[in-house]
Amino acid sequence: MLTTFWSAWVIVLTVIFMAIMIYVIWHYWRKNHEADANKELHVYDGIAENDAKLPKVLLYSYLIAFIASGVFFVLYPGMGNWQGLMNWHSDDELQQQDTQIIDRKLTALQAEDMTLTQLAAQDEIVDYGRRLFLNHCAACHGDEGQGQKHFPNLIDNEWIYDSSDTGIIQSIAQGRHGVMVGWKDVLTEQQIQDVAAYVANFEAERSIAVAEVVLEQGKEVYAYNCAVCHGDNGRGNKQIGAYNLSDNIWVHGGSIDGIEETIREGLSSEMPSFSQQLSEAQITAVAAFVKYKGMEQEQKRVQLNSDLIERGEYLAYAGDCVACHTAENGELFGGGLPFPTPFGTVYSTNISSHLERGIGRYSYQDFDDAVRKGVAKHGNLYPAMPYTSYQYITEEDMRALWEYIQSLTPVNSPNKPNTMMFPSNIRLGMWAWNTVFFDESPLTYSQDKTEEWRRGKYLTLSFGHCAECHTPRNIAQALESDKPFQGNIIDHWNAPDITANELHEHGWTKEDLADFLQTGRSSKGTAFAGMADVVKNSTRHMTREDLLAIGEYLLVGDVNNTLDPNVQPLKPTGFTSVDKQTKEYQIFVQTCGACHGPDGKGRASIAPALLGNGIISHSEPYNTIAVVLRGLSPDYLEPNKDYMPMTSFNNIAGDGEMANMISFIRDKLGARQEPVTREMVKDIRVDLERSGVTGGFHDVKQ
């Protein structure tokens, strides 16, 4: 607001300027009547300037502009303190007026001792608090208040400090300063790794692939160094801001690497005080907005159907969602797992309920389009997401799965960008891929098959998506539908041929398959590599009935996978007395037999049996060769029942010597007479060495 003196000066100067401009236009208007286009006024460099008239359109334009200016000055501010007949105010002025009004209203409501819950019911207060939150809080805690790494979620039911009305207002007004000392100068690197694994195992839904001895050692380190602040059970202490370590909420990163880094380096997390920037009423408005958002989220959770959530959780495990959407040693459903392809690397996405980084803003239709059609909100998905199999999921099961996904704890892990080469990085190209390769025909069920077989087909081809790994792919990475379950190389392992003929030839029974899927062990062998991940994160959570149904379907066969009635199970002889006199047997005893037993029948808690083992007797020797070259680590599926690590023999035996030994083992313990050649071993060795996996151990993902 201008003073009277300056307001008068603004009016006088504006009027004088307008008068001068009117005179100028009037002057040239009169001169137009005296203008002579044939009269030469000046000549410059041979160019004559004549006395032509001004275009009338220019003069009329000036006239219209002056009339419009006069109307503007009457209706709107422009003449000093004159507000105009429209009584217009700037946004800032209005906001200041609103602020003053709401501040007075809030002060009055505070005098009535209204709670934040009651204030959160006032739309005007919530909107005011939202604007303040976006200006002062969103940079750290996100527009929706769900937080990001190092900055906590403000709209869930888990609070680091006091979550009462007084506690929330105190946090905003006075700030918080949480400190955790770094332990790198106190603990050894091994102790830090041990205690990180132990802390991660506090989370009920999560189990870390480590030996029991590591957890025991981590427990000792935790009890001596960490329990005093975080409690024996890891539930934390709100009085000092010590985090609850027993839930699945990780403010500073919940991956194993993140936990180790926190332990190693410590933390100094500080929230500034806003008492100097915001009035008491404004702080209350922000607190009311936070309370409103929390109530809004809680209302969403309350509306979820508990029975559908339970059903959806079972289906999510059956679909192996957690394995693919969890980075190795990362937070559950936080994404970030790489999928190498011939065209680049695809990273799985965060599918938690986080509104900004997950799929919290998805509708059911958005979710259904992504899962069953491969079309997400940001565009077409790559077939690393097995929508070509998930398309068979029924509407009823999709609803249950969606209900469970909505119930997931929000994870603040940002999505990693894919590194696909051109033109594969253009998602529109996936529309063409779908047009050519995505067969959307529904599942058909033979009427002459049992109900168990039908259930098995549904689970195997939809949630189980077994074909995605065990079926060969063409050059465009599409499944070769005419060769179902005939095997495929993935991550430099062979997802073996599991056709009905192959399984029958190995002597698998329905019970063997159910045992294998439930425990990772059976009379025909043990799970390792990617299959151990499947058992750990998926099939061991399924019912025995469903696993038997899958076994029934695989053994009976289907279209393009018919069972040949002439196939007979292989019957390996084992080592005869004659065999034990050979050089090959002596080498076996000195190398393999030390763990697998001199008869190849295995040793409990040391090594599995090789006699009759499905991999040893498989028609494709790739995995037998790869295991010898790569070695294996335990699968850690059952505590105290893990096998010992198997070392790599890559630098111990030559190609020819290794080929002879593997041929001998496959003949005597797997009844496979086809010899493994030196060239086979060499080709696989070269491939593994180029990939950098020879001699390494496979670690089971979370």
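- Under an unreviewed UniProt entry, the name given to the chain is Cytochrome c oxidase subunit III, and the organism recorded is Vibrio algivorus.
- Regarding the chain, the UniProt comment filed under Cofactor (unreviewed entry) reads as follows: "heme c".

**A short note on the sheet that holds strand β5 (residues 338-341)**
So, point 1. Reading across the sheet, the three strands line up as β5-β6-β9 and stay open at both edges, with antiparallel pairing between neighbours. Of all strands in the sheet, those bounded by a partner on one side alone are β5 and β9 (419-420).
So, point 2. For β5 and strand β6 (residues 344-347), the ladder comprises four bridges, and the chain directions are antiparallel. Within the sheet, the bridge partner assigned to P340 lies in β6 and is T345.

**Points about the pattern of salt bridges**
So, point 1. Across all of its chains, the model carries 30 salt bridges by this definition.
So, point 2. Notably, a salt bridge pairs E296 with K293, separated by 3.0 Å at the nearest N-O pair. Here the residue E296 and the residue K293 both occupy positions in helix α12 (residues 280-303), the gap between them amounting to three residues, near one helical turn.
So, point 3. On the basis of relative accessible area, E296 is assigned to the partly exposed category, the value being 28%.
So, point 4. Of the charged contacts, one joins K510 and E452 as a salt bridge, the two residues approaching to 3.0 Å between their closest N and O atoms. One end of the pair, K510, is in helix α22 (residues 510-519); the other, E452, is in helix α19 (residues 451-461), with 58 residues separating them in the sequence.

**A look at the nonpolar core**
So, point 1. Core analysis: the largest hydrophobic core is formed by 65 residues, its most contacted members being F333, F367, I405 and F485.
So, point 2. If we skip the residues at most four places from it in the chain, I405 touches I351, S353, I359 and F367.

**So, the UniProt feature "domain: Cytochrome c" (unreviewed entry) in the chain**
So, point 1. Within this numbering scheme, the UniProt entry marks residues 124-203, 213-294, 307-409, 451-558 and 579-669 as carrying the feature "domain: Cytochrome c" (unreviewed entry).
So, point 2. Annotated as 51% helix and 6% strand, the span residues 213-294 places its first and last C-alpha atoms 41 Å apart.

**Some points on the packing of aromatic side chains**
So, point 1. For the structure on display, the rule yields 16 aromatic pairs.
So, point 2. Centre to centre, the rings of F333 and Y404 are 6.3 Å apart; their planes meet at 75°, and the pair counts as edge-to-face. Highlighted residues: F333 in the loop between α14 (321-324) and β5 and Y404 in helix α17 (residues 395-406), separated in sequence by 71 residues. The two residues F333 and Y404 agree in class, both being buried.
So, point 3. Plain terms: the ring middles of W508 and F516 are 5.6 Å apart, the flat faces sit at 85° to each other, and that makes the pair edge-to-face.
So, point 4. Given a relative accessible area of 12%, W508 falls into the buried group.
So, point 5. Classification of F516 by relative accessible area gives buried; the value is 13%.
So, point 6. Taken together, the aromatic side chains of F575, Y585, F588 and F664 make up a single cluster linked through ring pairs.
So, point 7. Its guanidinium or amino end placed over the ring of Y643, R521 lies 4.9 Å from that ring's centre, counting from NZ or CZ.

**Let's talk about unusual backbone geometry**
So, point 1. The omega torsion of the bond from F422 to P423 falls at 0°, within 30 degrees of zero and hence cis.
So, point 2. Looking at the secondary structure, you find P423 in the loop between β9 and α18 (429-437).
So, point 3. Even without being a glycine, F485 presents a positive backbone phi close to 65°.
So, point 4. In this structure, F485 sits in the loop between α20 (467-470) and β10 (488-490).
So, point 5. One non-glycine residue with positive phi stands out, namely H492, at about 65°.

**So, the UniProt feature "transmembrane region" (unreviewed entry) in the chain**
So, point 1. In the numbering used here, UniProt assigns the "transmembrane region" (unreviewed entry) feature to residues 6-29 and 57-76.
So, point 2. Along residues 6-29 the backbone is 100% helical and 0% strand, and the end-to-end C-alpha distance reaches 35 Å.
So, point 3. Taken end to end, residues 57-76 is 95% helix and 0% strand, and its first and last C-alpha atoms sit 28 Å apart.

**Digging into a nonpolar patch on the surface**
So, point 1. On the surface, F5, W6, W9, V12, L13, I16 and I20 cluster together into a nonpolar patch covering about 740 Å² of accessible area.
So, point 2. In this structure, F5 sits in helix α1 (residues 4-34).

**A few points about the packing of helix α15 (residues 364-373) against α17**
So, point 1. Close contact between α15 and α17 brings their axes to 11 Å; oriented N to C, the two are set at 115°. In terms of orientation, α15 lies roughly perpendicular with respect to α17. Crossing geometry of α15 relative to α17 is assigned as right-handed. Residues Y364, F367, D368, V371 and R372 of α15 pack against E395, M398, R399, L401, W402 and I405 of α17.

**Overview of the environment of Y347**
So, point 1. Checked against the element boundaries, Y347 lands in strand β6.
So, point 2. Put simply, Y347 and A327 are 20 residues apart on the chain and 9.0 Å apart in space, counted from C-alpha to C-alpha.
So, point 3. Setting aside anything within four residues of it in sequence, one finds Y347 in contact with G336, L337, P338, K416, P417 and N418.

**What about the environment of W493?**
So, point 1. Within the secondary structure, W493 is located in strand β11 (residues 493-495).
So, point 2. Taking the relative accessible area as the measure of exposure, W493 reaches 5% and is therefore buried.
So, point 3. With 369 residues separating them in the primary sequence, W493 and E124 have C-alpha atoms 61 Å apart.
So, point 4. Look past the residues within four positions of W493 in its chain and what remains in contact with it is N488, F528, A529, Y622, N623, A626, V627, R630, G631 and L632.

**As for α15**
So, point 1. With seven of its ten residues buried, α15 lies for the most part within the structure.
So, point 2. For α15, the full list of buried residues reads Y364, F367, D368, D369, A370, V371 and R372.
So, point 3. Contacts from the buried residues of α15 go to β7 (375-376), α16 (387-390) and α17.
So, point 4. G374 sits one or two positions beyond α15 and adopts a positive phi of about 75°.

**Considerations on the packing of helix α8 (residues 189-200) against helix α11 (residues 256-265)**
So, point 1. Packing of α8 against α11 leaves a shortest axis separation of 9 Å and a crossing angle of 125°. Judged by the inter-axis angle, α8 sits oblique to α11. In this structure, the crossing between α8 and α11 has a hand that is right-handed. Across the interface between the two elements, E189, I192, Q193, V195, A196 and A200 from α8 touch I256, I259, E260, I263 and R264 from α11.
So, point 2. Split into classes, the residues belonging to the contact of α8 with α11 amount to seven nonpolar, one polar and three charged.

**Regarding α8**
So, point 1. An ideal rise of 1.5 Å per residue puts 16 Å on twelve residues; α8 measures up with 17 Å between its terminal C-alpha atoms.
So, point 2. The set of residues buried in α8 consists of I192, D194, V195, A196, A197, Y198, V199 and A200.
So, point 3. For α8, the secondary structure elements touched by its buried residues are α9 (212-225) and α11.

What counts as what
Residues numbered from 1 in each chain as written. Predicted model: local features only at pLDDT ≥ 70, side-chain atom pairs only at ≥ 80, totals over all residues. Heavy atoms only, no water. UniProt positions renumbered as here; feature names shortened; annotations may be inferred. Pairing = 2+ DSSP bridges. Helix = DSSP H or I, 4+ residues; strand = E, 2+ residues; numbered from the N terminus. Salt bridge = Lys/Arg side-chain N within 4 Å of Asp/Glu carboxyl O. Buried < 20%, exposed > 50% of the residue type's maximum accessible area, 1.4 Å probe, protein only. Core = buried A, V, L, I, M, F, W, Y, C linked by side-chain atoms within 4.5 Å. Contact = heavy atoms within 4.5 Å. Phe/Tyr/Trp six-rings, centres within 6.5 Å; stacked < 30°, edge-to-face > 60°. Lys NZ or Arg CZ within 6 Å of the ring centre and 35° of its normal. Patch = residues over 30% accessible without salt bridge, like charges linked within 9 Å, V, L, I, M, F, W, Y side chains within 5 Å. Areas by Shrake-Rupley, 256 points an atom, 1.4 Å probe, with all protein chains shown as cover. Axes fitted to C-alpha atoms, helices over the stretch in contact; angles between N-to-C directions. Parallel < 35°, antiparallel > 145°, perpendicular 65-115°, else oblique. Left-handed = near helix turned anticlockwise from the far one by under 90°. Nonpolar A, V, L, I, M, F, W, Y, C, P; charged D, E, K, R; others polar. Expected span 1.5 Å × (residues − 1).

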